Amino acid sequence: MALPKILENSLTLPVIGSPMFIISNPDLVIEQCKAGIVGSFPALNARPKEMLDDWLWRIKRELADYQRDNPDKKVAPFAVNQIIHHSNDRLAHDLDLCIKHEVPIIITSLMAPNKIVGPVHEYGGLVFHDVISLRHARKAAEAGVDGLILVCAGAGGHAGTLSPFALVQEVREFFDGTILLAGAISTGRSILAAQAMGADLAYMGTRFIATQEANADPAYKKMLIDHYAQDIVYSSLFTGVHGNYLKPSIHAAGLDPDDLPEADKNTMNFGSGGGSKAKAWRDIWGAGQGLGSIKDAPTTAALVEQLRREYVNARESLLPLSSDYG
């Protein structure tokens with residue numbers, strides 16, 4: 001296992017809050033970092049593009065002020081997600097701003113970040129890349145990324161279909177960098193399980209949609225609280241790439257979640273005008289299969305503390321069991 005120095009002694013839990021389109025905003029990111037987990041957001045959430053500069057200044061300033069006033073607290077670094085796709089006409093602009101602000105962690109998605117790793121490494125930043133297959137993982141590793149985010153079965157949004165038991169093991173055989181695991185992780189016990197499988201960090205998104213700071217419709221948060229894994233559908237219709245979505249939101253849009261056609265991957269659009277992805281995430285709501293454990297929508301600080309207690313309790317409860325087989 002490998003944990004970058006920037007994350008040593010700055011985490012209260014081995015967790016990165018995943019960047020969620022529309023949902024992740026400075027309020028959520030700042031509270032996640034202050035609570036001791038990495039907060040992140042997609043650069044495309046800052047609209048118009050000039051707003052990204054303001055967001056980065058604000059996040060850096062508030063975290064620095066909080067650390068100064070609370071020197072004994074663990075304050076995590078933050079991350080920005082960059083979509084590497086031909087339709088993302090903001091990529092160069094957004095990456096330049098991240099370099100200017102020396103964003104600690106850049107999370108890249110879709111194509112291997114061959115042209116991003118070098119500039120980020122020059123100022124000392126890290127690059128984590130999300131993948132859903134061994135082939136994608138190898139390409140990203142060859143590009144020199146510091147970490148691989150394994151988006152496995154059950155993850156919210158654009159997710160893969162592989163079991164984490166399979167993918168973590170196969171990736172660890174050739175990659176000695178940081179491994180992050182995503183897929184139905186929504187409790188402290190599941191964070192510990194991710195580590196037990198060989199991951200360094202858990203990558204959590206859906207659970208943080210149901211928090212007070214998340215930029216989500218109240219009906220969205222309530223839908224997460226009221227539904228279970230059986231209420232998730234895996235479809236490519238809405239963005240051109242397969243993802244997990246809440247069936248009730250599909251119903252509300254006038255579609256049959258049990259009879260959705262397939263979509264062409266070429267229809268993906270990440271342009272600054274919003275495109276199909278913005279419409280999808282605004283009206284068709286993504287969620288991971290771990291939503292069954294969501295019972296409320298607390299503050300981010302309260303949620304992280306709850307997860308920490310669950311994590312510690314799970315670890316302590318397993319110690320006597322593991323000693324029986326030593």
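Quantities reported herein were computed from a predicted structural model and do not represent experimental measurements.

**Let's talk about the sheet that holds strand S10 (residues 232-235)**
Part 1 of the reasoning: An order of S7-S11-S10 is seen for the three strands of this open sheet, with the pairing classed as antiparallel. Since the sheet does not close on itself, it has two edges, and those belong to strand S7 (157-158) and S10, each with one partner.

**Looking at the packing of aromatic side chains**
Part 1 of the reasoning: One pass over the full model with this rule turns up three aromatic pairs.
Part 2 of the reasoning: Between Phe41 and Trp55, the ring centres sit 5.3 Å apart and the planes meet at 65°, which makes this aromatic pair edge-to-face. Taken as a pair, Phe41 in strand S2 (residues 39-42) and Trp55 in helix H2 (residues 51-69) lie far apart in primary sequence, 14 residues in all.
Part 3 of the reasoning: If you follow Lys60 out to its NZ or CZ, it ends over the ring of Trp57, 5.1 Å from the centre.
Part 4 of the reasoning: Across from the ring centre of Phe174, 4.3 Å away, lies the NZ or CZ of Arg138, which sits over that ring.

**Points about the sheet that holds strand S8 (residues 178-182)**
Part 1 of the reasoning: Pairing is parallel across the open sheet formed by eight strands, whose spatial order is S1-S9-S8-S6-S5-S4-S3-S2. Where the open sheet ends on each side, the last strands, each with one partner, are strand S1 (15-17) and S2. Strand-to-strand, the axes of this sheet are offset by a mean angle of 25°, without reference to chain direction.
Part 2 of the reasoning: As judged from the four bridges shared by S2 and strand S3 (residues 78-84), these two strands associate in the parallel manner. By the bridge assignment for S3, Pro42 is matched with Asn81.
Part 3 of the reasoning: In the packing of helix H1 (residues 26-34) onto the sheet, the strands contacted are S1, S2 and S3, and the crossing angle to S2 comes to about 160°.
Part 4 of the reasoning: Helix-sheet contacts for helix H6 (residues 164-172) involve strand S6 (147-151) and S8, and the interaxial angle to S8 is about 170°.

**So, the nonpolar core**
Part 1 of the reasoning: Counting residues in hydrophobic clusters, the biggest one holds 74 residues, and the most contacted among them are Phe78, Val80, Leu148, Leu150, Ile191, Leu224 and Leu246.
Part 2 of the reasoning: Discounting residues that sit within four places of it in the chain, Val80 has contacts with Phe41, Ala43, Leu56, Cys98, Val103, Ile105, Ile106 and Ile107.
Part 3 of the reasoning: Core analysis: the second largest hydrophobic core is formed by 18 residues, Ile16, Leu126, Val151 and Leu180 among them.

The rules behind each value
Residues numbered from 1 in each chain as written. Predicted model: local features only at pLDDT ≥ 70, side-chain atom pairs only at ≥ 80, totals over all residues. Heavy atoms only, no water. Pairing = 2+ DSSP bridges. Helix = DSSP H or I, 4+ residues; strand = E, 2+ residues; numbered from the N terminus. Phe/Tyr/Trp six-rings, centres within 6.5 Å; stacked < 30°, edge-to-face > 60°. Lys NZ or Arg CZ within 6 Å of the ring centre and 35° of its normal. Axes fitted to C-alpha atoms, helices over the stretch in contact; angles between N-to-C directions. Contact = heavy atoms within 4.5 Å. Core = buried A, V, L, I, M, F, W, Y, C linked by side-chain atoms within 4.5 Å. Buried < 20%, exposed > 50% of the residue type's maximum accessible area, 1.4 Å probe, protein only.

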